[in-house]
Every structure is written in structure tokens, then in C-alpha cells.
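Spelled out from the first residue to the last, the chains are:
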Amino acid sequence: MTLTPFALSGLLIVLSCTVMAALVYFANRRSVANRLWARFCCSVSLWGFGALGIGLGVPHDVALIIIRFSYIGVILIPALFHHFVTVFLGLKRPNSLFLVYAVTVFFEIVNWTPWLVPRMQWVFGQFYFPVPGPFYPYFFCFFMGMTIFSHIEMLVILRRTEHGLVRLRIKWFLVAMVIGYAGGTSCFLPVFGVPLYPLGNFSVPLYPIITTYAILRYQIMDVNLAMARGFAFLFTYSLVIGLPFFVGHRYQTLWKQLLGSSWWTAPVALMGTLSSLGPSVYLWLQKRAESRLLRDQQRYQATLLHASAGMTRIRDVRRLCHLIVHLITHSVKASHAGLFLLDRNIRAYVLKASRQHPRYTPGRWVSADVPLAQMLRDSRKPVVIDELRLHTTATDRSYRELFRFLEEFQVSVGVPIFIEHRLLGFILLGPKRPRDIYTAADLEALSTLANQAALAIENAMVFEELAKTQAEVIEQESRATVDALSGLYTRRAFVERARLALQRAARRGLSCSLLMLDLDHFKNTNDTHGHLAGDAVIQEVANRLRTTLREPDLLGRFGGDEFILLLVESPRPQALAIAERIREAVSGSPLQTPEGTLPQTLSIGLASSPEDGVGLDALIVKADQALYAAKHAGRNRVSSTPDDVPPG
């Protein structure tokens with residue numbers, strides 16, 4: 001037996017298709033597409049085994065058994081290929097699949113009778129090849145018909161898909177299968193008496209190579225990492241095993257001259273050396289491959305970590321939306337983007353932030369009932385518009401309005417923003433730059449970023465609502481004379497009375513001093529002991545401050561845990577002494593609260609007229625600066641301007 005070119009082509013088919021089948025299957029056994037593609041590759045590998053077997057020039061009876069065994073795979077090829085194409089393109093044709101598999105079962109039975117291949121004939125002076133039986137032409141028509149029909153289906157979808165990841169996937173897969181089938185079908189020619197040597201069989205191993213590139217580049221199936229590791233392993237140990245055999249065979253004469261009858265020790269020593277280096281080489285190749293494949297994931301992880309830290313600190317919804325749009329366009333390199341949020345008052349999604357598209361105008365909105373919103377509600381994950389077009393007929397009226405909107409804004413991907421089961425909003429992204437595609441890694445990163453954005457947006461909305469409510473409460477309280485909690489003047493009432501008191505003092509040439517008082521670490525009291533305890537602290541401090549007042553002095557609650565005190569006819573030295581007495585009155589003994597006694601200290605900032613100004617506003621500014629200085633210096637102290645204020 002000699003290794004003919006036809007047998008060599010069969011060997012290459014067996015190796016390439018078996019490796020492809022194993023990598024695809026074990027990468028994701030739960031995927032229907034992966035399982036079908038692995039079965040298809042195994043079927044082609046069976047034909048490669050048959051070509052290898054009969055190509056070695058085995059006797060007639062052995063060749064007939066080999067060809068019938070290999071035709072198990074050949075008969076399965078059109079059915080499995082058609083099934084994979086329907087899954088790959090997202091088509092739903094259970095009836096046609098049932099019919100195709102029924103015909104396949106029929107030919108599998110006929111395969112073991114003389115009706116398909118009754119005998120073998122000696123061809124090209126090298127090997128036996130099948131002689132067609134009465135059912136062979138029907139099988140050939142079935143094989144070619146299903147092959148051509150499946151390719152036409154891919155061409156139709158390819159023409160309907162103008163750009164994007166779907167088009168590139170179909171294009172590369174179509175190229176690979178045309179090359180593979182063109183070579184494989186050349187093996188039918190000698191069966192029908194065409195004296196053309198089936199060298200086209202050498203093109204069959206090219207389809208696993210091309211599809212491998214497409215899988216790694218465009219994620220046709222979920223095998224990237226497994227395939228990279230598999231090829232690193234195969235390359236390393238093919239080198240470890242194959243190179244010594246090659247060196248031993250190629251330079252056998254040289255080894256015999258140098259080593260005599262022990263010449264074989266040279267390739268064995270080389271194999272041992274390479275075997276010791278093999279694990280290091282494999283790990284290096286695996287690391288490089290994984291680094292290449294996981295580059296986008298690592299970049300996205302860094303972006304998402306930065307985003308999660310930045311978004312949670314922003315309390316302004318509009319500013320937060322601009323940050324989200326910036327992060328997304330920067331991370332996935334989108335040409336433009338727009339973020340829409342639900343406005344319940346008008347039942348519409350309003351544009352809150354956009355980037356690099358003239359049609360994203362401020363105030364732009366879309367109804368909450370448009371098909372776009374319903375599509376995102378149903379999917380709950382990023383939707384690639386090309387894939388949506390792929391599974392939508394041109395006569396589907398419910399999508400016409402959606403596609404007009406998407407075409408107007410050149411949308412390639414829609415990303416929903418969910419809070420539990422409520423579609424809070426969505427992000428629309430244009431094509432990638434420069435003419436790139438959205439990969440599975442992109443979509444996963446977008447989905448994660450949308451989840452983080454949803455939480456940040458909800459927190460910002462709650463904060464804005466609380467801030468608005470607090471502003472309304474403060475406004476209402478400022479209109480009253482007495483603060484309900486402390487019993488002191490409200491801010492507005494204090495300001496009105498303090499202005500008059502300062503004017504009277506100025507006319508008489510008298511000095512006055514203003515004290516800004518702030519409870520130290522009051523937030524911790526609320527957080528640790530609750531707001532009831534915090535209210536009790538405010539009330540107790542107000543009572544102690546009230547006991548230090550003289551008749552003409554004015555005391556008010558400036559807001560929250562801040563108090564303000566105007567000491568009438570009190571120059572700076574006297575005011576400093578009073579402020580120190582006030583500080584000791586508060587911090588000298590614990591305060592009574594529903595949670596028990598609690599210690600409380602006070603920081604005070606002091607400003608005096610006319611040294612620090614004659615108007616109330618000027619004194620408040622100076623006293624506030626002094627208060628900041630007191631806190632900066634360690635709290636629980638009195639500070640006056642200007643000497644106590646740190647520079648800058």
C-alpha cells in the first residue's frame with residue numbers, strides 16, 4: 001500500500017475535521033449550534049476516513065466495506081448542514097427538517113444494499129472507487145439539492161443584511177462552505193465515469209481553517225477560548241512528536257554515520273528535550289492566546305470598575321446621563337449614542353443625553369408605546385438591529401415605524417435600562433468606529449454597564465426627589481417665625497430681625513458679633529442612634545443655647561444642625577468669651593435623648609462688625625469661614641476671622 005494523493009487528502013480531512021468537532025463540542029455542549037456543527041464535522045471526517053482507506057489501494061472487498069462505512073457520514077452531511085444553517089440563521093422549519101431527516105434515514109438503510117453502491121471499480125491505476133447503483137443518482141440529487149438550497153438561504157439573508165456582525169458571520173461561513181463543498185463534490189465525478197482525479201478533496205480541509213478564523217474573529221459559535229487552548233496544545237505537542245520523527249527520517253544517513261547502530265538515540269534525545277520544554281511552550285502560547293482573546297474583556301472590566309466608582313457619586317440625573325453616554329461611546333467606540341429615560345407625566349421616553357449626532361436634539365422624546373420600547377422590554381438584553389431585521393419580514397407593519405426611527409438615528413444596537421421589571425430607559429448606539437462590529441464581548445459589557453447605570457440613575461432620581469422635597473420643607477419653614485423642632489427663630493425670621501438690629505447698632509456706633517454654630521459629627525448621631533435621637537439633640541442644644549442669651553441677642557436655627565447667634569453690643573473680645581461659654585455649656589455634659597445620654601460638641605465661627613463688615617451677609621460669610629477654620633483645626637473650638645482662617 002502506498003500513500004496516494006487521494007489518501008493524503010483524506011488524512012488531512014480526518015485530522016482537521018476531528019479536531020474542529022472536538023473543540024466545538026467540548027467548548028459548549030449545551031449549545032444546539034455547537035452540537036450540530038460538531039456532528040457535521042464528524043460526518044465529513046468519516047468521508048475523510050473513507051478517502052484515506054480506499055486511497056491506500058486496499059483490495060476490492062475491503063474498499064467496499066470502507067466506502068459503505070464512510071458513506072454513513074456522507075449521507076448525513078446534507079441533513080446536518082441544512083439543520084445547522086436553519087439554527088445559525090434563526091429559521092424555524094420543523095416540518096422541512098423532519099422530511100430531510102426521513103430521507104436521510106432512507107438512504108442510510110439503502111447504503112448497506114447493492115442499490116446504492118453495488119461494487120467498486122479500479123480507477124487512475126491507484127485505488128478502487130464506487131460504482132453507482134440504481135439509487136445513487138437520487139442520492140446525488142438529494143445531496144446537491146440540499147447543499148444548494150442551504151447556500152441559497154444564506155445568500156438571501158446575506159443580501160437582506162447590509163452591514164454588521166451578522167453579515168460578516170454569514171459571509172465568512174458561506175465562503176468556507178463554498179470552498180469545502182466545491183472540493184468535496186469533485187469526488188462524485190469519478191463515480192459517474194468522469195476521468196478527473198479528485199484533487200479537489202484537498203480543499204475540504206480548508207473549510208475548518210476558514211471557519212476557525214471566523215469563529216475566533218466574529219464569534220460564530222461559543223468556542224473562542226477553548227479553540228485557542230486546543231490549538232496551542234496541538235501545535236506544541238505536534239512539534240514535540242513530529243519534529244523528532246522528521247529529523248530522524250530526513251537525516252537518518254547522517255545519524256548513522258555519526259552514531260552507527262545507535263542512530264535512533266538522536267531523535268529520541270530530541271524528543272526528550274522538546275518534551276521537557278513542551279509544558280513551558282504550551283503555557284506561553286496559551287497565555288498569549290488568552291491575552292489576545294480576553295483583551296476586550298479586560299479592557300471592559302477596567303471601564304466597568306471605573307464607571308461603577310464614578311456613577312455612584314453623582315446625584316444629578318442629567319450629569320449622570322452625560323457620563324453614561326460618554327463611557328459607553330468611549331468603551332465600545334460607538335460613532336454616536338443617545339440615552340432616553342421614562343417621564344411618567346407624559347408617558348414617553350425623553351432624551352437626556354446624547355453624543356455626536358445632530359438629530360439627538362434636546363427635548364426629543366418617543367412614546368412609551370412604540371415597538372422599540374416593547375422590543376426592549378421583551379428582550380431584556382441588548383438588541384442588535386441587524387439581527388432584528390433578519391427575523392422580521394418586510395410586511396410586518398408593527399415594525400415599520402420602529403425601523404423608520406432606527407434608520408433616522410442610524411441605530412445599530414439598543415440597550416435597555418431596567419429597574420426590576422420596569423423599563424426605566426434605553427441607550428441607542430450607532431455603528432462602531434472605524435467600520436467595526438459589535439461583538440459578544442461588547443454586548444455583554446453594554447448589558448453590565450446598563451445594569452450599573454440603572455442603579456445609579458435610580459439613586460440620583462431618589463436623591464433629586466428628596467432634595468426637592470427638602471427644599472420645599474425648608475421653604476415652608478422659612479416662612480414661619482419659629483422653627484417647629486427647636487423653638488428658635490427660623491432662618492428667615494432671624495435674618496429679618498438681625499438686619500434691623502445691625503442697622504440700629506451701626507447708627508449708634510456700637511459693635512456686634514455674629515456666631516455660626518455647628519454640631520460636630522451630627523450625622524453619625526442620626527446614623528447610629530436614629531433621627532428621634534437626633535431631634536432630641538437639636539432640642540437640648542437649643543435649650544442650652546437659649547440659657548446663655550441676653551435680652552437683646554438673637555438666636556435662630558440656620559438649617560439642619562447649624563445655629564446662628566447675633567450678639568448685640570458685643571465687640572470681639574466679649575463675643576469670644578461668650579462663644580467659649582456657649583461651647584462649654586453644650587459639651588460640658590451629655591445630652592438627654594430617647595437613646596440615653598449622648599455626648600455632643602460644638603464648633604463655632606465668629607465675625608464682628610465693623611471689623612469684618614457692617615452688613616449681615618458679610619458677617620455670615622466671615623463667620624462661616626471661621627466655622628470652617630474651627631472644624632479644620634479639629635472641631636469643638638471657637639474660631640474668629642480673619643486671623644484664624646487658614647490660607648486658601
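Just so it is clear, the model here is predicted, and its values are computed rather than measured. (Residues numbered from 1 in each chain as written. Predicted model: local features only at pLDDT ≥ 70, side-chain atom pairs only at ≥ 80, totals over all residues. Heavy atoms only, no water.)

*Asks:* Please provide a residue-by-residue account of the pairing of strand β3 (residues 337-343), values included.
*Replies:* Of all 7 residues that make up β3, 5 are buried, and the element is covered over most of its length. The hairpin turn running from β3 into strand β4 (residues 348-355), its antiparallel successor, is 4 residues long, and R347 in that turn takes a positive phi close to 50 degrees. With 5 bridges connecting them, β3 and strand β8 (residues 422-429) associate as antiparallel partners. By the bridge assignment for β8, F340 is matched with F426. (Buried < 20%, exposed > 50% of the residue type's maximum accessible area, 1.4 Å probe, protein only. Helix = DSSP H or I, 4+ residues; strand = E, 2+ residues; numbered from the N terminus. Pairing = 2+ DSSP bridges.)

*Asks:* Break down unusual backbone geometry for me, with residues and values.
*Replies:* The omega angle of the peptide bond from S609 to P610 is 10 degrees, so this bond is cis rather than trans. Its identity is not glycine, yet R380 carries a phi of approximately 60 degrees, on the positive side. Relative accessible area serves as the criterion here: at 42%, R380 is assigned to the partly exposed category.

*Asks:* Describe in detail a nonpolar patch on the surface, supporting the description with residues and values.
*Replies:* On the surface, a cluster of nonpolar side chains totalling about 410 Å² of accessible area is made up of L3, L8, L11, L12 and L15. Within the fold, L11 resides in helix α1 (residues 5-27). Among the residues examined, L11 registers a relative accessible area of 32% and is labelled partly exposed. (Patch = residues over 30% accessible without salt bridge, like charges linked within 9 Å, V, L, I, M, F, W, Y side chains within 5 Å. Areas by Shrake-Rupley, 256 points an atom, 1.4 Å probe, with all protein chains shown as cover. Salt bridge = Lys/Arg side-chain N within 4 Å of Asp/Glu carboxyl O.)

*Asks:* For the pairing of strand β14 (residues 602-609), give the residues involved together with the corresponding values.
*Replies:* Of all 8 residues that make up β14, 8 are buried, and the element is covered over most of its length. Residues L602, I604, L606 and S608 line one face of β14 and the alternating positions S603, G605, A607 and S609 line the opposite face, and both faces are buried. Pairing of β14 with strand β15 (residues 638-640), which is carried by 3 bridges, proceeds in the parallel orientation. Bridge pairing in β15 links G605 to S639. In this region the chain leaves β14, passes through helix α21 (residues 616-632) and returns to the parallel neighbour β15; the handedness of that crossover is left-handed. (Right-handed = clockwise from strand over helix to strand, strands pointing away.)

*Asks:* Hey, could you go over the state of the cysteines for me, with residue numbers and the actual values?
*Replies:* Counted according to the given criterion, the structure contains 0 disulfides. Not part of a disulfide, C41 finds its nearest cysteine sulfur in C17, a span of 5.6 Å. (Disulfide = S-S within 2.5 Å.)

*Asks:* Outline the packing of aromatic side chains, supporting the account with residue identities and numerical values.
*Replies:* Applying the stated criterion across every chain yields a total of 40 aromatic pairs. When the ring of F127 is compared with that of Y197, the centres are 6.0 Å apart and the planes differ by 70 degrees; the resulting orientation is edge-to-face. Residue F127 is located in strand β2 (residues 127-131), and its partner Y197 is located in the loop between α6 (165-185) and α7 (206-218); the two are separated by 70 residues in the primary sequence. On the basis of relative accessibility, which here comes to 0%, the residue F127 falls in the buried class. Seen from the ring of F463, R315 lies directly overhead, with NZ or CZ sitting 5.6 Å from the centre. Looking at R380, its charged tip hangs above the ring of F418, at a distance of 4.0 Å from the centre. (Phe/Tyr/Trp six-rings, centres within 6.5 Å; stacked < 30°, edge-to-face > 60°. Lys NZ or Arg CZ within 6 Å of the ring centre and 35° of its normal.)

*Asks:* Explain the packing of helix α3 (residues 60-88) against helix α5 (residues 136-160) residue by residue, including any values.
*Replies:* A pair of packed helices can be characterised by two numbers: the angle between their axes and the separation between those axes. In the contact formed by α3 and α5, the axes pass within 9 Å of each other and the chain directions differ by 25 degrees. The pairing of α3 with α5 is recorded here as roughly parallel in orientation. In the crossing of α3 with α5, the sense of the turn from one axis to the other is left-handed. Contacts between α3 and α5 involve Y71, V74, I75, I77, P78, F81, H82 and V85 on the former and, on the latter, Y136, F139, F142, F143, M146, T147, F149, S150, H151, E153 and M154. When grouped by side-chain class, the residues that make up the contact of α3 with α5 number 14 nonpolar, 4 polar and 1 charged. (Axes fitted to C-alpha atoms, helices over the stretch in contact; angles between N-to-C directions. Parallel < 35°, antiparallel > 145°, perpendicular 65-115°, else oblique. Left-handed = near helix turned anticlockwise from the far one by under 90°. Contact = heavy atoms within 4.5 Å. Nonpolar A, V, L, I, M, F, W, Y, C, P; charged D, E, K, R; others polar.)

*Asks:* Please set out the environment of G588 residue by residue, giving values where relevant.
*Replies:* Topologically, G588 is positioned in the loop between α20 (572-587) and β12 (591-593). Here the alpha-carbon distance between G588 and T601, two residues 13 residues apart in the chain, equals 8.4 Å.

*Asks:* Which residues make up the sheet that holds strand β10 (residues 554-559), and what are the values?
*Replies:* Spatial ordering of the open sheet is given by β10-β11-β9-β14-β15, a layout of 5 strands whose pairing is mixed. Of all the strands in the sheet, the pair left with one neighbour each is β10 and β15. For this sheet, the mean inter-axis angle between neighbouring strands, taken without regard to orientation, is 20 degrees. With 8 bridges joining them, strand β9 (residues 512-519) and β14 adopt antiparallel strand pairing. Of the residues in β14, the one forming a bridge with C512 is S609. Most of the contacts of α21 go to β14, to which it runs at about 145 degrees, and overall it touches β9, β10, β11 (562-567), β14 and β15.

*Asks:* Summarise the confidence of the model for the protein chain; cite the residues concerned and give the values.
*Replies:* Residue-level pLDDT values for the protein chain average 82, and 82% of them are 70 or greater. When the criterion is pLDDT under 50, residues 221-225 qualifies, and its contacts beyond four places in sequence or with other chains add up to 21 contacts. (pLDDT = per-residue confidence, 0-100.)

*Asks:* Pulling in residues and values, what's your account of helix α17 (residues 491-508)?
*Replies:* Helix length check: α17 (18 residues) gives 26 Å between terminal C-alpha atoms against 26 Å at 1.5 Å per residue, within 8%. Within α17, burial applies to A493, F494, V495, A498, A501, L502 and A505. Two residues or fewer past α17, G509 is found with a positive phi of approximately 70 degrees. (Expected span 1.5 Å × (residues − 1).)

*Asks:* Describe the sheet that holds strand β5 (residues 365-367), with residues and values.
*Replies:* In a beta sheet, neighbouring strands are held together by backbone hydrogen bonds and run either parallel or antiparallel to one another. Taken in spatial order, the 6 strands of this open sheet run β5-β4-β3-β8-β7-β6, and their pairing is antiparallel. Sheet topology places β5 and β6 (383-384) at the edges, where each strand pairs with a single neighbour. As paired elements, β4 and β5 share 3 bridges and run antiparallel to each other. Looking at the pairing, V350 lines up with W365 of β5. Packing against the sheet, helix α12 (residues 317-332) makes contact with β3, β4 and β8, and its axis sits at approximately 60 degrees to β4.

*Asks:* An account of the nonpolar core is requested, with residue identities and associated values reported.
*Replies:* Ranked by internal contacts, the top residues of the largest apolar core, which has 62 residues, are F6, W37, F40, W47, F139, F173 and Y207. Once you skip the residues sitting within four places of it in the chain, Y207 turns out to touch C17, W37, F40, C41, V44, A176, M177 and G180. One finds C321, I419, L443 and A456 within the second-largest nonpolar core, a separate group that totals 32 residues. (Core = buried A, V, L, I, M, F, W, Y, C linked by side-chain atoms within 4.5 Å.)

*Asks:* Please provide a residue-by-residue account of the pattern of salt bridges, values included.
*Replies:* As enumerated under the stated definition, the model contains 11 salt bridges in all. A salt bridge links R508 to E569; its shortest N-O distance comes to 3.4 Å. A residue pair is termed long-range when its members are at least 10 positions apart, and R508 in helix α17 and E569 in the loop between β11 and α20 qualify at 61 residues. The exposure class assigned to R508 is exposed, which follows from its relative accessible area of 59%. With a relative accessible area of 38%, E569 lands in the partly exposed category. Residue K523 pairs with D527 through a salt bridge whose shortest N-O separation is 2.7 Å. Residue K523 and its partner D527 are located together in helix α18 (residues 522-529), separated by 4 residues, close to a single helical turn. Comparing K523 with D527, the two get one shared label, exposed.

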